[in-house]
Each structure stands twice: as structure tokens, then as C-alpha cells.
Amino acid sequence: MTDAGRHPRITIHTLSEVVDVKGNVGSFDVKIVKKARYVDEKACTACGECAKVCPVVRPDEFNMGLSSRHAIYSPFPQAVPSAYVLNSGECLGNNPVVCSKCQDACEKKCIDFHMSDETISERVGTIVVATGLTPHDPRALDEYGYTRFENVLTSLEFERLVNAGGPTQGHLVRPSDRKRPRSVGFVQCVGSRSARRGKSYCSNICCMNTIKSTLVLKEHYPDMDIKVFYIDIRAFGKGFEDLYTRSRRTGVHYVRGLPGQVEQLADGRLRVAVENTAGQSLDFYDLDMLVLAVGIEPAAGTHKLQEMMGLQLSSDGFFLEAHPKLQPVDAATRGVFYAGCAEGPKDIKESVTQASAAAVRAIRLMQSSQIRAEAITSEVITEQCKACGKCAEVCPYNAITVDPKKKIPAKIITAACTGCGTCAAECPFGAIVMNHFTDRQIYDQIDALLDERPSDKILTFACNWCSYAGADYAGVSRLQYPPNARLIRTMCSGRVDEDFIWYAFKKGVPIVLVSGCHIGDCHYIDANHWTAKRVDRVRKKMEKRGLRPERLQLEWISAAEGILFAEVMTRMEQLRQSVSEKEIAETIALLS
Amino acid sequence: MTTPTVLSMPGVSPGVLPSADGEVRIGVYVCHCGMNIAQTVDCDGVAAAMAKLPDVAVAKGIGYACSEPGQREIREDIATHGLNRIVVGSCSPRLHEPTFRQMLIAAGLNPYLLEMANLREQCSWVHMKTPEAATAKAYDLVKMAVARARRLQSLTEPMLPMTQRALVIGGGVAGIQAALDMADNGYEVVMVERQPSIGGVMAQLDKTFPTMDCSI
């Protein structure tokens, strides 16, 4: 922390939020709103004289409300920057006539009630998103009685109580009577591993955090009776199992089963009812204190930032990486990287590891004053654009600006375009050219294919990353399948224009297969959603026009699914044989 | 080894317009890949058929297109015959497209003027028992590649300016680590933190596992 605070190349804006991000890799223009601190950050020496005279008393957020602070305060002794902060909502001094005691007490005259919020503009080449987490709020799990019973705490509150810098100087006390508890229970998976009661994922850190807490307690109070109620103990990291073993050796009692009910007894103690799933018994334990090991949830501003920067979230609400194994710290948007819990629950070691990885990935781009951009990108023919806005709607990368209201035609931000071609396929006016996969190129391929004996052939569109690679994998595996399909490679299945399909049918093809990555695996975030919609739409139209919709097929095939590709080819050939010359002739007549 | 089947040559279809940007001169190379392709597909027959297509200046079978002698032969043809589009019917472009693009650059052509037809992974290896049908498919695939090659245009990878500073959103343990690593490597870093101090949740923790040391 202090290293970052005094680093000559690091500028820290605290009390600040990013409110706008524009541009692309190499030149992101970022707008930051820095809220007024009302204390001169550089001049303040954190002497604390101001707080001594402040008459306002409020719960201290850093100590989870277990102690109090004044309206002018230092967040915690080691804070960086080491300066006091004044909460203007709580302060009486906005009108100095009322109070302004702190201003009088400050010898260096650092307090300025008239300080206002600042808007800062910064241009950067890369962005690391490290927005962290929100701890789960256990109030919804009423059976544990959090907030109803004083002696039920969250793991973070407990953390402050055993911290030497905390409200009790590290002496564990029961909130109800300020006495040291003789028995403490820990409840695991509070808000984790249950879709019905919190989040369905494992929060990753709570098992080890509890094990650590039991060791801290046993070190200070060897006689304390400690119980841990759990579903499974996940001690998977280096040195973790060792800590778990040590915890059990010190006499911590691990009970397999989560409490079904907690009651408060007359003396403030808690009666915990647990179904012990290992011993098949219903047990009751009377404990002085209960600690809820709360799970990790995405940070509060995650959604806002995701929308502002055009990023993606995974189903559990954390930021989605470009590839779970090979690009675990990259966002799909070039130049943006993830570090820490922003991407998913993780402990300190993993956060630090990922942060270093993110830093190197960013440096890899920043080391030169120029970077090479993608050549296969789309272009707008401005004269043909009607500013309908469809292209911008389908672009997974926010790489198109267009204003349908003011009729400002579409413009491609080439630096942000990755070349999936979905915009070109969806443009109703043919106003977008997808370079290297132009309409003309693809029509000529279809022509070359269907000029001779079209009824023998199956036209297959395959995306470069998944289904085309799946076909290659079938080849590498020497899987044998019928030889009637011919592949046209596009970067993404999203490129397959509806008109290509109609054209092929008009030219007498019996079967058209569109294939791409599985939903959720698309190399272009979610461009294949548009493929699915489009194929659905064309099939409905085919039905209306009296064409068998089965003649248009859609298959998701991953790069690893060679077997599936061969199976699909066999199925396509069976389908092709079901299409008679007569049916083809009728289709041609109908579409001509 | 299967005897290569003779390709029955259907009439070459007209209807392909010459490309707008000058005279197109296509070189077509049908790679034998040793016997990987040639034992199933009549590579030389396919090449001979391609020679009759409009705009094709050179069409030939080639032992190993990716080998140094193979690439040299193509480079020499580019120079001798003034080729400006190259079609290689061989393995998957996912394997050797970068190789052949480099070859085009070495021959003074734009790397995007290359088109490949996948005759190995998607033809000879998967239709081993039906060489005739495999050859017909190879014919189509190379013909489609020629049709596409005729329309290929030079592309350039634009250079973008890179601002050599980074933004770190969030001043917790991850943000601090990323900022320090970048700053220590000489890059300017702007860190944005919502709270009045950096440190995040980590600063609130007492001892941290697995080493049980203090978090601050």
C-alpha cells in the first residue's frame, strides 16, 4: 500500500469513480469524478487534532460499525493517502457559523469547506479492472438470525474483532455483554453454493478464512470451544491442507452439516440446531457467538462499469475473461485486463498472481508507441447507410457509432473492430463491407460451388475458431464421413448473411448448414446469438414460402468435437438424400 | 497405395467477372503433401482442371508446398509469371496460412492475396475410401478458392498510437499489485479508488492464510 502511495509513477485518485470511458486500445479517454475530500490531501499530516474536536459521532465503516468515528476522520491508521477526510453529509460545518471547530483546530489550515468535486480527464493506453468484491449480506438467511441476535456476526466483523488494530485491540468479546466468549461456532457457505439462498458458486476463500480464524482463536485462547459447521472443506491450495490439519489438531470440532435454526437463549447464548450429515443425527449446540462465513459477490459498480466499457459478465455476475484457460486475465475488448475478485472470487495469493499477469499483458501492448491493429475489419459505405442503427445493436464490441435519431450514418471504429462480420450480415441496406469476407467473395464461392451438379452438394458455412477447427479435428482423427459437404470459412458464423442462404437455394443447393461455436463459446463474445436468431428467422420465412425449413440446418460444433462434426456430416448427407430433384426445381422456380 | 483416379472434367462455367483492380493473375498449387493428399486426391488432375479457369496463369501439383523447395518454386513463379493471387490447396489454413502469407510477403505481394483450399484435413483424410468423390470435392474446393482469390484485395494492418500509461480501476490488493508492477517497469499509472484510502478488503483483514501474516 505505502509502496503504491509513494511511487513516483503512480497517481492515486481516492474518493473517485470512473464515469466514462471512450476510445479503444492505445487511446482510452477516461473521465473520473473525484469527490471533494474537504481536506488538503498533501498538506494534511494526519495529526488528528481535527477529529478530537469534532462533535459528530458515526459508526466506523472500516470496523464494520463496531466502533465509532467522527465526521472528520482517518479511514484507518495506515491509510494511503495518509490524510483525513471529511464526510460533508455528516459535518455541521458547511455553515461555519454552526461549528467549524475542526478548521480552528487545524494548525496547517488544510480544511476547506468550499472544496468541490473535480472532473479529471485522463488518456491511457490500457486499463486494468480490479474492482474487487462485495461481501454477501446474510440478512436474507433469516434462520441464522443475523441482526436479530447480537452475537451473530459476519466473518468480516469477526475479522475486525480479532484484529489488533480493531475496536477491541484484538481481544475477542461478545457484542451483547463485552465478555470473552467461551464457545464460538462458524457457519460455512453463507450465501454460497446455493442458488436458492444466495449464489450457486463456491466463494473460494471462506473455508480457508475460517480455518485461519480458528487457528488465531486457538493461539490466543487454547481452551475455547470452537465448532465449524460445513458442507465440504475445500482446502485445495498450497499449504492449505496443512492448516486444516493443524486446526483439527488444536481441537477445533468440524461438524458436517449447516445449522437449520438458531435461537437466542435468555443469557444471550445461541442454540444451534444442526443435522449432522456424517453421523445422521440432529444435534443442538449452545454457543456464545456465531460467525457467518459470508461469500463473495461482485462489487457494487460492476454492472455500471460493464455497460460503460462494453465488457461482458459471466452468469454469476463477475467479469468474463476472453478465454478461461488461455486468456484468463484479458477482457474480450483489447487493452482491458482483469485482476482480483472482479473476475471471480479468489484469495490474496491468486489476486496478486492475476494482477501481475494483467500488468504484464498490459505492458506487452504498451512497450511500443504503436500497435498493430486487425486488418480484417468492416467498413461502412456511407452513401448507402440509412442510419437505422442495426449494426451498432449487433456489434459485440461497441465498435460502431451511429445515431438513428439524428440520422448520422454508421462509422466503424476500426481499432475496436475484430472482424466478426455480424454487422455486414445484419445491415439491411448492404452498406457494410466486411473486408476479406466480402459479399462478392462469398457469392463467387457459392457460384463456383453450385455451377456444376448443385444437387450433389451441401453448402456448409463454418466459423474459423470452432466448427472449421472441429472439421480439421475430424480430419486429424481420420474420421470418415460422406464427401458431399463443401465448407466456406468465415471468421464467425455471425457473418452468414441471410441472402447467402437464399442465393444458394436459388442456385439449387439441397441443404445449407450454418455452423459455429457453441452458445457462450463464441470467439466474438456473443455474435453467434445473432446467427441463431437469423437462422430461426430464415427458417420461418422458408416455411411461409412453402420450403421445407429442415433444408437449413444450424449446428454448434466446438474445435474439440471432431466426432460431432463427422456425425453432423453423416446426418446432413441423409437430409440431402431426402431432397428430390423435383423439390429443388420447385425451390428454384419459387425463388426466381 | 491407391491409383489416382482420373478426374472427369465438367465444363468450366462462365459467368465470373474479371476483377476490377487490374489484371488478375492467379497461381494455383495443389499440394500432394507427400502421399497425405495425393493417395486419395488426383492432385495433378485437379491442377490441370484449374489451369483452364479464367485468370489462372499457372496451375500445378507440388510435392510439399510448405517445404523450402516448394515455397521457392512458388516465389519463382510469382516473379516469372507476374502472379498476383496465390491459391494453395493443401492442409488446413489454420496450420499453414501464416507460412504462406510470409511467403507472399517475401515475394513482394500483400499477404492477404492468398487463399487456401483445405484438401487434407477436410478432404483426403476424411474420404480415404472414396478417392473419386474426394477428387471431385477437391476440385470444388480449389475452384471455390480460385473464385475467391479473384476477388481478394490487399489489406494493411493499420498502426494505432499507444499511450504508454495505464489506468487501474480499484485500489485493493489486485489493483495495487498491478499498478506497482507496471510502474516498476517504467509505465505511468493512474489509480482510481472509490474509498478515501486504497487497501480494499485486504486492509480490513487480520492474519491472512496460508502464511498467517498481517495483511497491511
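Residues numbered from 1 in each chain as written. Chains lettered and ligands numbered in written order. Predicted model: local features only at pLDDT ≥ 70, side-chain atom pairs only at ≥ 80, totals over all residues. Heavy atoms only, no water.

## Some remarks on the overall build of chain A
Helix and strand content of chain A: 16 helices and 29 strands. Its C-alpha atoms give chain A a radius of gyration of 31 Å, clearly above 25 Å, the size a compact globule of 592 residues would have. Principal-axis analysis of the C-alpha atoms places the extent of chain A at approximately 90 × 65 × 40 Å. Counting over 592 residues, chain A shows a buried share of 56%. Pairs at least 24 apart in sequence give 66% of the contacts found in chain A among residues at least 6 apart. When the accessible area of chain A is evaluated, it comes to approximately 25500 Å², of which 50% is carbon and sulfur surface. (Helix = DSSP H or I, 4+ residues; strand = E, 2+ residues; numbered from the N terminus. Rg over C-alpha atoms; globule rule 2.2 N^0.38 Å. Buried < 20%, exposed > 50% of the residue type's maximum accessible area, 1.4 Å probe, protein only. Contact = heavy atoms within 4.5 Å. Areas by Shrake-Rupley, 256 points an atom, 1.4 Å probe, with all protein chains shown as cover.)

## Some words on the pairing of strand S23 (residues 400-403) of chain A
Residue and element names in this part refer to chain A. Residues of S23 alternate between two faces, with Ile-400 and Val-402 buried on one and Thr-401 and Asp-403 left unburied on the opposite face. Sheet topology places S23 next to strand S24 (residues 408-412); 3 bridges connect them, and they run antiparallel. Looking at S24, one finds that Ile-400 is bridged to Ile-412. Counting the residues that bridge the hairpin from S23 to S24 gives 4 residues, and of these Lys-407 lies at a positive phi of roughly 60°. (Pairing = 2+ DSSP bridges.)

## Side note on the interface of chain A and chain B
Taken together, the contact between chain A and chain B spans 120 residues of the former and 88 residues of the latter. Note on chain A versus chain B: buried area summed over both sides is about 9200 Å², and carbon and sulfur give 62% of it. The largest contributions to the chain A side of the interface with chain B come from Arg9(A), Met366(A) and His436(A), which together make up 7% of the buried area. Taken together, the connections running from chain A to chain B amount to 8 salt bridges. Taken together, chain A and chain B are joined by 58 residue pairs in polar contact (both at pLDDT 80 or more). (Buried area = accessible area lost by both parts, 1.4 Å probe. Salt bridge = Lys/Arg side-chain N within 4 Å of Asp/Glu carboxyl O. Polar contact = N/O pair within 3.5 Å; in protein donor to acceptor, adjacent residues only side chain to side chain.)

## Looking at the side chain of Arg101(B)
With respect to the helices and strands, the residue Arg101(B) is situated in helix H3 (residues 93-106). The contact partners of Arg101(B), leaving out residues within four places of it in the chain, are His436(A), Pro111(B), Tyr112(B) and Leu114(B).

## Focus: the nonpolar core
Membership of the largest hydrophobic core comes to 102 residues, with the highest contact counts inside it found for Phe461(A), Val512(A) and Ile86(B). The element contributing the most residues to this core is helix H5 (residues 131-150) of chain B, with 10 residues. Listed in part, the 42 residues of the second largest apolar core include Ile12(A), Phe76(A), Ala79(A) and Ala166(B). (Core = buried A, V, L, I, M, F, W, Y, C linked by side-chain atoms within 4.5 Å.)

## Here we look at the domain arrangement of chain A
How big an interface is tends to be expressed through the accessible area that disappears when the partners come together. Partitioning chain A into domains gives domain 1 (2-124), domain 2 (134-297), domain 3 (378-434) and domain 4 (439-591). Here domain 1 of chain A and domain 3 of chain A have C-alpha centroids that lie 44 Å from each other. (Domains from an automatic or database assignment.)

## Structural notes on the sheet that holds strand S14 (residues 253-256) of chain A
All names here are of chain A. On the basis of which strands lie adjacent, the open sheet formed by 5 strands has the order S11-S18-S12-S13-S14 and parallel pairing. Across the chains shown, the open sheet's two edge strands, defined by having one partner strand only, are strand S11 (152-154) and S14. Pairwise comparison of adjacent strand axes, ignoring direction, gives a mean angle of 25° for this sheet. Here strand S13 (residues 225-230) pairs with S14 via 4 bridges, running parallel. Residue pairing for S14: Val-228 is matched across the bridge by Tyr-254. Of the strands in this sheet, strand S12 (183-190), S13, S14 and strand S18 (289-294) are in contact with helix H5 (residues 206-220), which crosses S12 at around 170°. (Axes fitted to C-alpha atoms, helices over the stretch in contact; angles between N-to-C directions.)

## Some thoughts on the environment of Pro175(A)
Residue and element names in this part refer to chain A. Within the secondary structure, Pro-175 sits in the loop between helix H4 (155-161) and S12. For the pair Pro-175 and Cys-395, spaced 220 residues apart in sequence, the C-alpha to C-alpha distance is 54 Å. Setting aside its immediate chain neighbours within four residues, Pro-175 contacts Glu-150, Asn-151, Leu-153 and Met-289.

## Some words on the side chain of Asp181(B)
Structurally, Asp181(B) is set in helix H6 (residues 173-184). It is Arg9(A) that comes nearest to the buried, bridge-free Asp181(B) among opposite-charge side chains, at 11 Å. Once residues lying within four places of it in the same chain are set aside, the contact partners of Asp181(B) are Ser356(A), Ala359(A) and Ile363(A). (Lys, Arg positive; Asp, Glu negative; His and termini not counted.)

## A look at the pairing of strand S27 (residues 485-490) of chain A
All names here are of chain A. Counted residue by residue, S27 has 6 buried out of 6 residues, so it is predominantly covered. In this structure, strand S26 (residues 458-463) lies alongside S27, joined through 6 bridges in parallel fashion. Considered in S27, the bridge of Ala-462 is made with Arg-489.

## A word on the packing of helix H2 (residues 68-81) of chain B against H3(B)
Residues and elements named next belong to chain B. Two elements in contact, H2 and H3, have axes whose closest approach is 10 Å; the angle formed by their N-to-C orientations is 40°. What the angle tells us is that H2 and H3 run oblique. Every pair of crossing elements has a handedness; the one defined by H2 and H3 is right-handed. Every residue of H3 that contacts H2 at Gln-71, Ile-74 and Arg-75 is listed here: Thr-99, Met-103 and Ala-106. Its residues placed into classes, the contact of H2 with H3 shows 3 nonpolar, 2 polar and 1 charged. (Parallel < 35°, antiparallel > 145°, perpendicular 65-115°, else oblique. Left-handed = near helix turned anticlockwise from the far one by under 90°. Nonpolar A, V, L, I, M, F, W, Y, C, P; charged D, E, K, R; others polar.)

## Let's talk about the pattern of salt bridges
In total, this model carries 58 salt bridges over all chains according to the counting rule given. Across the pair Asp267(A) and Arg269(A) runs a salt bridge, and its minimum N-O distance is 3.3 Å. Judged by its relative accessible area of 23%, Arg269(A) is partly exposed. Here Arg151(B) makes a salt bridge to Asp444(A), at a shortest N to O gap of 2.5 Å.

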